[in-house]
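If you want the building blocks of each chain, they are given just below.
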Amino acid sequence: MNYSFDLCLIREKRMFKGYSMQKMADLLGLESKSMYYKRETGNTQFKATEIPVLASLLDIPVEKIFVKTLRK
């Protein structure tokens, strides 16, 4: 069993709160909104240090950020 990020939940919560990708990039200390975009779309993994910040900003319990996936 593997775990991956629930990217749909992250995107939904971000949009519900009215945060732009640029605002998220700024709050996470990223250099550009494209760096955040790559994380939210799954092209790049969120770093371990970003996960608690992300959870706090979006009011998501850390354990809800992850979903179980079957390894193929």
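Definitions and limits used
- Numbers given for residues are sequential positions, taken from 1 along each chain in its written order.
- Two thresholds apply to this predicted model, a pLDDT of at least 70 for residue-level local features and 80 or more for giving and counting side-chain atom pairs, whereas whole-chain, interface and lining totals are computed over all residues.
- Processing note: side-chain calculations cover all non-hydrogen atoms of the structure and skip hydrogens and water entirely.
- Helix numbers and strand numbers start at the N terminus; a helix is a DSSP run of H or I with at least 4 residues, a strand a run of E with at least 2.
- Buried residues are those whose accessible area, probed at 1.4 Å on protein chains only, stays under 20% of the maximum for their type, while exposed residues exceed 50% and partly exposed ones sit between those limits.
- Here, a salt bridge means any Lys or Arg side-chain nitrogen found within 4 Å of an Asp or Glu carboxyl oxygen.
- What the arc describes is the spread of directions from the helix axis to the C-beta atoms.
- Contacts are residue-level and defined by heavy atoms, with any inter-residue pair within 4.5 Å sufficient.

Peer 1: Would you take a moment to explain unusual backbone geometry for this structure?
Peer 2: Even without being a glycine, D59 presents a positive backbone phi close to 55°. With respect to the helices and strands, the residue D59 is situated in the loop between α4 (50–58) and α5 (62–65). Accessibility expressed as a relative area gives 52% for D59, which makes it exposed.

Peer 1: For this particular structure, what's the right way to read the pattern of salt bridges?
Peer 2: A side chain with one charge may pair with a side chain of the opposite charge, provided their charged atoms come close. Evaluation of the coordinates by the stated rule reveals three salt bridges. Measuring nitrogen to oxygen at the nearest pair gives 2.7 Å for the salt bridge that ties E40 to R14. With E40 in helix α3 (residues 33–40) and R14 in helix α1 (residues 7–17), this residue pair connects regions lying 26 residues apart in the sequence. Of the charged contacts in the structure, one is a salt bridge between E50 and R39, with a shortest N-O distance of 2.9 Å. Of this pair, E50 sits in helix α4 while R39 sits in helix α3, and the two are 11 residues apart along the sequence. Using a relative accessible area of 5% as the deciding quantity, one classes R39 as buried.

Peer 1: Just checking my understanding: could you explain α3 for this structure?
Peer 2: An α-helical turn contains 3.6 residues, so any two residues separated by three or four positions project in the same direction. Of all the residues in α3, the buried ones are Y36, R39 and E40. Down the axis of α3, the smallest arc covering the buried residues is 95°, so these residues share one side. Residues of α3 that are buried in the fold lie against α1, α2 (21–28) and α4. Positive phi shows up at G42, right after α3, with a value of about 90°.

Peer 1: Looking at this model, I keep getting lost on the environment of F66. Mind explaining?
Peer 2: Within the secondary structure, F66 sits in strand β2 (residues 66–69). For F66, a relative accessible area of 29% puts it in the partly exposed group. In contact with F66, other than residues within four places in its own chain, are Y3, S4, F5 and I51.

Peer 1: Looking at this model, I keep getting lost on the environment of S4. Mind explaining?
Peer 2: Relative to the assigned elements, S4 resides in strand β1 (residues 2–5). Measuring from C-alpha to C-alpha, the distance between S4 and L70 comes to 10.0 Å, with 66 residues separating the pair along the chain. Apart from the residues within four sequence positions on either side, S4 is in contact with I65, F66, V67 and T69.

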